[in-house]
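Listed below, chain by chain, are the residues.
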Amino acid sequence: MSHTTGVRQTQKLRTRQALLDAALVLLEHQSLSSLGLREVTRAVGVAPTAFYRHFDGIAALGVALVEQTLGSLHGMIGAILAETGDSEVRLDRGVELIAGHVRAQPAHFRFIAREQHGGVGPVREAIAAELRRFAEEVAAALAGEPESRGWSEEDLLMLGGLYVDHMVLTASALLDAGDGGEEAVTGAARRRLRLITLGRLHWLDGPGAPPTA
């Protein structure tokens, strides 16, 4: 790659990120379905035609924001799941991870909370796909634990989904809590996750239990 090509590529990446950042600021006051392409390019100071060098449209920009917000979490959550030892310690670390990301990127998580059930189909689908991937990763990690002996793949995926759904709800609660309410939200999140864990230990007990494999 020549020096000139490298400079152009760097500038292109900067402009792309500037468009994402500007959109995120504008989305603090409106939904993605009402966001105009010209609003975004005006905020960045580029021509509207320049937008299409980076995104096919506003929906594609929204999908990129989803990937930027949730994509980076996979590696960190995977590292926590790979840890051995006390499961409650891992739950605590998971809550801390979510709280830290919401604290560092509140606008990103407000976008996810608003658009998860919003009017832009590709963005809804992208969020659902990321959350489904999280649930699958959690289920795969749980499958290797002694407590999961006898569990079906379907039930493990259901359990993974419960953990993921709870973390999404925790992120939303943290957004509403403000600085003074974070401790109460994370404390409640830890207790509820422990309740799910206790239920897991007795899922195969009793006459109503699902059949074991």
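Residues numbered from 1 in each chain as written. Predicted model: local features only at pLDDT ≥ 70, side-chain atom pairs only at ≥ 80, totals over all residues. Heavy atoms only, no water.

Caption draft 1: Representation of the confidence of the model for the chain in the model. In this model, the chain carries a mean pLDDT of 90, and residues with pLDDT of at least 70 account for 93%. Taking the mean pLDDT of every element in the chain, the minimum, 82, falls on helix 5 (residues 73–82) and the maximum, 96, on helix 2 (residues 37–44). (pLDDT = per-residue confidence, 0-100. Helix = DSSP H or I, 4+ residues; strand = E, 2+ residues; numbered from the N terminus.)

Caption draft 2: Helix 5, seen in detail. Within the span of helix 5, buried status applies to L73, H74, I77 and I80. On an axial view of helix 5, the arc spanned by its buried residues comes to 130°, and they lie on one face. Residues of helix 5 that are exposed and point more than 90 degrees away from the buried face comprise G75 and A82. (Buried < 20%, exposed > 50% of the residue type's maximum accessible area, 1.4 Å probe, protein only. Arc of directions from axis to C-beta.)

Caption draft 3: Focus on helix 2. Every buried residue of helix 2 is accounted for by L37, V40 and T41. Angular distribution of buried residues about the axis of helix 2 spans 90°; they occupy a single face of the element. Facing away from the buried side of helix 2 by over 90 degrees, the exposed positions are R38, R42 and A43. Phi for G45, located one or two positions after helix 2, is positive at around 85°.

Caption draft 4: Quick look at the side chain of R200. Looking at where R200 falls in the secondary structure, it is placed in helix 10 (residues 182–201). By relative accessible area, which is 6% here, R200 ends up buried. If sequence neighbours within four positions are ignored, R200 has contacts with L142, E145, E147, S148, W151 and L159. (Contact = heavy atoms within 4.5 Å.)

Caption draft 5: Structural detail: the nonpolar core. If you look at the biggest cluster of nonpolar residues, it comprises 56 residues, and the most contacted ones within it are V40 and F111. Of all the elements, helix 8 (residues 121–143) adds the most residues to this core, at 9 residues. Leave out the neighbours within four places in its chain, and V40 touches L19, A22, A23, L26, L35, I58 and L61. (Core = buried A, V, L, I, M, F, W, Y, C linked by side-chain atoms within 4.5 Å.)

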